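Listed below, chain by chain, are the residues.
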Amino acid sequence: GFFQSYAVEVDIKDASNATCLYAEWMMRFLIKYETNSSDYKIAALNLTSSVTHNGSVCGSDTQAALLAVQFGEGHSWSVNFTKTNETYQGDFITFTYNTNDTAVFPDAKRKGPVTIVVKDTMRPVQLNNVFVCHNTDFLEAENVTQVFWNVTVQAFVQNGTVSKRESRCRADTPTSTPTVPPTISNVTTASTTTSSPAPTTAPKPVENPDTGNYSLKSGNKTCLLATVGLQLNVSQDKPLLININPKTTVADGTCGNKTATLKLNDGNSTLIGF
């Protein structure tokens, strides 16, 4: 079953206590994850009644605005907004879910936070207009379906007052009413538990990286030692997770009196410098 999904209202103030970023919306997440028995299940993650907005930023002509919320057992969601001389729009959405939350992810094989980054599909909105979308919108990436409805948002609010002028999403009409948010049953046509191997439409999530031991020597003495597991989250055309394999990674670099450099090359032109 589902927990109650709560509406979120965030009113960010600037240094003069005037509203600079306002949003009210509802959202839900459907997440496919692997269990310890190598089956795949779909978890429904809803907002709780207690939501914080730590890290939200007003934004300016030179800095993006950021709307960030945290909820539940280590889950967070954020979107940043950029603007031109005439418009503003959403840029990237970052969502982190924590599979240590056993109430949502029972028997999850992968433990800890998982982060995905998705390009926001929001169209440019005229400055001093509020963006409104009552109808349901979906974003799908990396085994996660993000669901939004009853959205009202304005970034770069002018004069501390949320505008009365609306810019509606394509799905809305002046007489439209909010649509019923999806459930597990009407989003997925397959059973919520499938046998291994996973279907091609839901690739196996990237596991946590193996821990490697990397060291540098100065003469016959070790001058730098790093024991670390490394995973890259690359956002270009689409988000991509890459684990650095310590079995195929070569350490190089230098040690100086005041600085040291560690370079790692995994043999596939992936180079990381510390």
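All figures in this text were calculated on a predicted structure; none of them were measured in a lab.

A.B. asks: What is the right way to look at the overall build of the protein in this model?
C.D. replies: When helices and strands are tallied, the protein shows one helix and 20 strands. Counting over 274 residues, the protein shows a buried share of 41%. Here the contacts in the protein between residues at least 6 apart in sequence split such that 55% fall between residues at least 24 apart. Summed over its atoms, the accessible surface of the protein is roughly 15200 Å², and 49% of this surface lies on carbon and sulfur atoms.

A.B. asks: Please explain the environment of Val 153 as it appears in this structure.
C.D. replies: With respect to the helices and strands, the residue Val 153 is situated in strand β12 (residues 144–154). For the pair Val 153 and Val 130, spaced 23 residues apart in sequence, the C-alpha to C-alpha distance is 5.8 Å. Residues contacting Val 153, with those up to four places away along its chain left out, are Tyr 22, Ala 23, Phe 81, Tyr 88, Met 122, Val 130 and Phe 131.

A.B. asks: Mind showing me how you'd approach the state of the cysteines here?
C.D. replies: In protein structure, a disulfide is the covalent linkage between the sulfur atoms of two cysteines. Scanning all chains against the criterion turns up three disulfides. Between the sulfur atoms of Cys 223 and its disulfide mate Cys 255 the distance is 1.9 Å. When the S-S torsion is 75 degrees, as for the bridge of Cys 223 with Cys 255, the disulfide is right-handed. Remark: Cys 255 occurs in strand β18 (residues 250–255) and Cys 223 occurs in strand β15 (residues 221–229); sequence separation between them is 32 residues. Cysteines bonded in the protein are numbered consecutively along the chain; their disulfide partners then correspond to 1-2, 3-4, 5-6.

A.B. asks: Help me out: how do you make sense of the sheet that holds strand β20 (residues 271–273) in this one?
C.D. replies: Two orientations exist for strands paired in a sheet by backbone hydrogen bonds: parallel and antiparallel. Judged by pairing direction, the sheet is antiparallel, and its three strands sit side by side in the order β18-β19-β20 without closing on themselves. Each end of this open sheet is capped by a strand with a single partner; those strands are β18 and β20. Strand-to-strand twist of the sheet, defined as the mean angle between neighbouring strand axes without regard to direction, takes the value 15 degrees. Sheet topology note: the strand β19 (residues 260–265)/β20 ladder contains three bridges and is antiparallel. The partner of Lys 263 across the bridge, within β20, is Gly 273.

A.B. asks: Where do I start with the confidence of the model for the protein in this structure?
C.D. replies: In low-pLDDT segments, the atomic positions of the prediction should not be examined closely. Of the residues in the protein, 83% reach a pLDDT of 70 or more, and the chain-wide mean stands at 82. A low-confidence stretch, residues 184–196 stays under pLDDT 50, and its non-local contacts, those more than four residues away or across chains, total 20 contacts.

A.B. asks: Explain the environment of Lys 32 to me, please; I cannot follow it from the model alone.
C.D. replies: In this structure, Lys 32 sits in strand β2 (residues 19–34). Relative accessible area serves as the criterion here: at 18%, Lys 32 is assigned to the buried category.

A.B. asks: Sorry if this is basic, but what is going on with the environment of Val 51 here?
C.D. replies: If you trace the backbone, Val 51 turns up in strand β4 (residues 51–52). Separated by 19 residues in the primary sequence, Val 51 and Gln 70 place their C-alpha atoms 5.7 Å from one another. Here Val 51 is in contact with Val 8, Val 69, Gln 70 and Phe 71, once residues within four sequence places are set aside.

A.B. asks: What's the story with the packing of aromatic side chains in this structure? I'm lost.
C.D. replies: Inspection of every chain in the model, using the stated rule, returns seven aromatic pairs. Relative to Phe 95, the ring of Phe 29 has its centre 4.0 Å away and its plane inclined at 5 degrees; by these criteria the two rings are stacked. Taken together, the positions of Phe 29 in strand β2 and Phe 95 in strand β7 (residues 87–98) put the pair 66 residues apart, joining distant regions of the chain. Here the two residues Phe 29 and Phe 95 agree in accessibility, since each one is buried. Taking the centre distance of 5.8 Å and the plane angle of 55 degrees together, the rings of Trp 77 and Phe 148 count as tilted.

A.B. asks: How should the pairing of strand β10 (residues 130–133) be read in this particular structure?
C.D. replies: Looking along a regular strand, one sees the side chains alternate between the two faces of the sheet. Here β10 shows a buried face lined by Val 130 and Val 132 and a second buried face lined by Phe 131 and Cys 133. The pairing of β10 with strand β13 (residues 166–168) spans three bridges and is parallel. Directly across from Phe 131, in β13, lies its bridge partner Ser 167. Relative to β12, β10 runs antiparallel, the two sharing three bridges. Its bridge partner being in β12, Val 132 is matched across the sheet by Thr 152.

A.B. asks: I keep staring at unusual backbone geometry and nothing clicks. Help me out?
C.D. replies: Excluding glycine, residues mostly carry a negative phi; peptide bonds, for their part, are mostly trans. A positive phi angle, close to 65 degrees, is found at Asp 107, a residue other than glycine. Mapped onto the fold, Asp 107 is located in the loop between β7 and β8 (113–119). Here Asp 107 falls in the partly exposed class, since its relative accessible area comes to 40%. The residue Asn 143 is not glycine, and still its phi comes out positive at about 70 degrees. Relative to the elements of secondary structure, Asn 143 occurs in the loop between β11 (137–141) and β12.

Procedures and definitions
- Residues numbered from 1 in each chain as written.
- Predicted model: local features only at pLDDT ≥ 70, side-chain atom pairs only at ≥ 80, totals over all residues.
- Heavy atoms only, no water.
- Helix = DSSP H or I, 4+ residues; strand = E, 2+ residues; numbered from the N terminus.
- Buried < 20%, exposed > 50% of the residue type's maximum accessible area, 1.4 Å probe, protein only.
- Contact = heavy atoms within 4.5 Å.
- Areas by Shrake-Rupley, 256 points an atom, 1.4 Å probe, with all protein chains shown as cover.
- Disulfide = S-S within 2.5 Å.
- Pairing = 2+ DSSP bridges.
- Axes fitted to C-alpha atoms, helices over the stretch in contact; angles between N-to-C directions.
- pLDDT = per-residue confidence, 0-100.
- Phe/Tyr/Trp six-rings, centres within 6.5 Å; stacked < 30°, edge-to-face > 60°.

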